[in-house]
Structures are given as structure tokens and as C-alpha cells.
Amino acid sequence: MGENAELQEEELEVLKSIYEGDSNYTSQSNTRHQYKYGEDGKSKSFILEISWPDSYPGTLPDISLESFYNKHLVPDVSQHIKKSVLDEADQYLGMSMTYSLFEFVKENFDTLIESQPESIEAVTERIEKVDIKGDEPDDDTQADSDKTKVKKSQMTKAQKRRMWDKGGAEEDRSRGWDWVDVVKHLHQTGGKEE
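Bear in mind the structure is a predicted one, so any value in this text is a computation, not a measurement.

Asks: Please explain the pairing of strand β2 (residues 32-37) as it appears in this structure.
Replies: It is a general feature of regular strands that their side chains alternate between the two faces of the sheet. Burial of β2 is extensive: 5 of the 6 residues sit out of reach of the surface. In terms of strand pairing, strand β1 (residues 25-29) meets β2 through 4 bridges, oriented antiparallel. Looking at β2, one finds that Tyr25 is bridged to Tyr35. Between β1 and β2, which follow one another and run antiparallel, lie 2 residues. Of the strand pairs in this sheet, β2 and strand β3 (residues 46-51) are connected by 6 bridges, and their pairing is antiparallel. Considered in β3, the bridge of His33 is made with Ile50.

As C-alpha cells, then:
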């Protein structure tokens, strides 16, 4: 076993003993560790993931904020957190640093996340018309697009009757339309005889 592998194994044992019972800490594998900061459901919360390459602690760990939980983070805040953690990691190069980095973020949480807004509003732009082929449609192109209109599917009387017998059109069906009535089903099949 190499020196790096021994150091990683030792650090793993230390992390497990320190964070035992801490619901914010998770270890996906022996080389991938996550810690959640902030309150659930709040805009000012995130999960920091630290992954160890084979040459860790001789090289910097991989710092990631790419978790789905972090989708609400503003890109500037995400970059600021990542840069701050990597700057802090530089001073610990050559020794175990995962605990120190988690604690650094915990101590500086407010300053790291200060430019994150309290609530995120979805910003969408309204697009009037998109022309993929070019700026101005030609007369031939206009004529072709008029000819290729989408046809509605025509159903025969029998097909329509079958659809309504099954419960109507999909849009008209209420929630649970195809559920089995449990009491009626058990009555028909009979219960266990004792």
C-alpha cells in the first residue's frame, strides 16, 4: 500500500469517528465525502462534495457543488465558494484536509453565501418567433410550411366507444380512475380462512 493510500485510510477512519451521528455528513464511497450546510428548503443552503484523487493528499482534492440539491445556487456564489475552499486547501497540501475544509466552510458560511438571494425567481424570456433556417422566409419555404400542417388523428366510432369504456379521454380521467377497490376485491376473492 502506498503512502497516499495509508493517509487516505487513516483520514477516512478519523472522518467516520468525528461525523458519526451527524446527519449533514455523508460518505458516498471511501474517497467521496459530502457535507450539507444551511437549512433544508432554504435558498441559502448547499452541499459541498470533496473527492480524493489517487494522489491525495499530495494533490488538492476535487471540490464540487454539482449536486442536484445545489441547483438553486447562483453561479457567482457557487464559483466563490469553490474558489475559497480551493484557496484554503492550498495551505494544507500534503496533509489530511477534508475535516479542515468542512470546518472552514462551516465557520465562514455566512460570508460565503452572502450574495445568494433569499428566494430565487425563475427568469424566463418570452420568445415571439424562432426561425431556424434564416432571417426571412422565402416564398417557397412559406408554401412548404403551410402544406405540412399536423393532422389530428381520426378515430372510428368503435375506437371512440372503446376509449370511453376504458374511462374516457386521458384529460377527463380523475385521479385513481383505474384503482382497484380493495374492499370489493377482497370480498370477491375471500379472505384468509383461519
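And the narrative resumes.
Asks: Could you clarify how one ought to interpret the sheet that holds strand β4 (residues 62-64) in this entry?
Replies: Strand-to-strand pairing in sheets goes through backbone hydrogen bonds, with the strands running parallel or antiparallel. If you walk across this open sheet you meet the 4 strands as β1-β2-β3-β4, and the pairing is antiparallel. Looking at the sheet topology across the chains shown, the edges are occupied by β1 and β4. Neighbour-to-neighbour, the strand axes of the sheet open up by a mean angle of 20 degrees, direction not taken into account. The sheet strands contacting helix α3 (residues 98-107) are β1, β2, β3 and β4, and the helix crosses β2 at an angle near 15 degrees.

Conventions and cut-offs
- Residues numbered from 1 in each chain as written.
- Predicted model: local features only at pLDDT ≥ 70, side-chain atom pairs only at ≥ 80, totals over all residues.
- Heavy atoms only, no water.
- Buried < 20%, exposed > 50% of the residue type's maximum accessible area, 1.4 Å probe, protein only.
- Helix = DSSP H or I, 4+ residues; strand = E, 2+ residues; numbered from the N terminus.
- Pairing = 2+ DSSP bridges.
- Axes fitted to C-alpha atoms, helices over the stretch in contact; angles between N-to-C directions.
- Contact = heavy atoms within 4.5 Å.

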